[in-house]
Amino acid sequence: MQPLIDHARRFGQRPEEFAPHAAGQSPAVLFVTCSDSRVVPALITGARPGQLFELRTAGGIVPPYGPGSPTGEAATVEYAVEDVVVCGHSHCGAVGALVRGEDLSAVPAVRDWLAHAAPDGAPGRPDDPAVTDAVHGHVLTQLLRLRSYPCVGRKLADGSLRLHGWYYEVHTGAVLEYRPESDAFEAL
C-alpha cells in the first residue's frame, strides 16, 4: 500500500495540470469492462482524464434492464454519448468460473451477480486458461444486453451511438475488435 500512497502524494502536487478538469467532462466513449486490476482502460486506450466514462463490474457484466428498479450500471449507461466499448479480457476469473462450473456458494454475492452474465452460463473450453472463446461470447452477450436498454436503443436507431466489442489479452497487451462482417474478433 505504501507505494500507492507515496504516488498519490506526488500526484496531487501538480494542481495546474488538473485545474481545467474542474470545468466539467465531455467524454465521447463509455468503456464497459471488468473490475479486474489487470484491465486498465486508460492504459489500453491512452485516454487522459475526461476522455473516458467507465463502467467496471465483476466480469464486465451489464445487468438486464429493469424499469422501475434502477441500478448504478443502468444510470451509467444513460451517459453513453457517441461510442460504447464492451471490453472483455483473457484469463477472466468471472467467465472462467462460469465455464468451469465452479462452486461459488462461499461467495453468494459473486454467484448471484454472475447469474446476470448470460441465460445459459458461458459456454467454452474449461481447459483453456485464457477462456478466449467464452469471453468472446460474453462480450457479444453484453452488447446484446445493452441494446435492450431504452436509451441505447433510441440512440442506435437515430445513429448517434455505436457499439464496439473488444477483447484484451492481459498476457500480450493485444486488443482485438469484433467485426460483424467476419463474425470474428480481429486486430484493431
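Attention here is on the structure that accompanies the text. (Residues numbered from 1 in each chain as written. Predicted model: local features only at pLDDT ≥ 70, side-chain atom pairs only at ≥ 80, totals over all residues. Heavy atoms only, no water.)

**Thoughts on helix 5 (residues 93–100)**
The criterion, for reference: A simple rule labels every residue: compare its accessible area, found with a 1.4 Å probe on the protein chains alone, to the largest value its type can have, and call it buried under 20%, exposed over 50%, or partly exposed in between. Numbering of helices and strands runs from the N terminus; a helix is a DSSP stretch of H or I covering at least four residues, while a strand is a stretch of E covering at least two. The contact criterion used throughout is that any non-hydrogen atoms of two residues lie within 4.5 Å.
Listed in full, the buried residues belonging to helix 5 are Ala94, Val95, Gly96, Ala97 and Val99. Of the surrounding elements, those touching the buried residues of helix 5 are helix 6 (108–114) and helix 7 (132–147). Positive backbone phi, at 60°, marks Gly101, one or two positions downstream of helix 5.

**Re the sheet that holds strand 2 (residues 52–57)**
Put simply, the test is: In this analysis, strands are considered paired if DSSP registers two or more bridges between them. To get an axis, a line is fitted to the C-alpha atoms, and for a helix only the part in contact is used. The angle between two axes follows their N-to-C directions and goes from 0 to 180 degrees.
Here six strands make up an open sheet; going across it, the order is 2-1-3-4-5-6 and the pairing mixed. The sheet is open, and its two edges are formed by strand 2 and strand 6 (184–187), each paired on a single side. Here the strands of the sheet are splayed against their neighbours by 30° on average, with no regard to which way each runs. As defined by bridge partners, strand 1 (residues 29–34) adjoins strand 2 across six bridges and the pair is classed as parallel. Bridge pairing in strand 2 places Phe31 opposite Glu54.

**Things to note about the pairing of strand 5 (residues 175–179)**
Extensive coverage of strand 5 is indicated by the burial of four of its five residues. As paired elements, strand 4 (residues 162–168) and strand 5 share three bridges and run antiparallel to each other. Bridge pairing links Tyr168 to Val175 in strand 5. From the end of strand 4 to the start of strand 5, which pair antiparallel, there are six residues, and Gly173 there has a positive phi angle of about 85°. Across four bridges, strand 5 lies against strand 6 in antiparallel orientation. Bridge assignment links Leu176 to a residue of strand 6, and that residue is Ala187. Between the end of strand 5 and the start of strand 6, which pair antiparallel, lie four residues, with Asp183 showing a positive phi angle near 50°.

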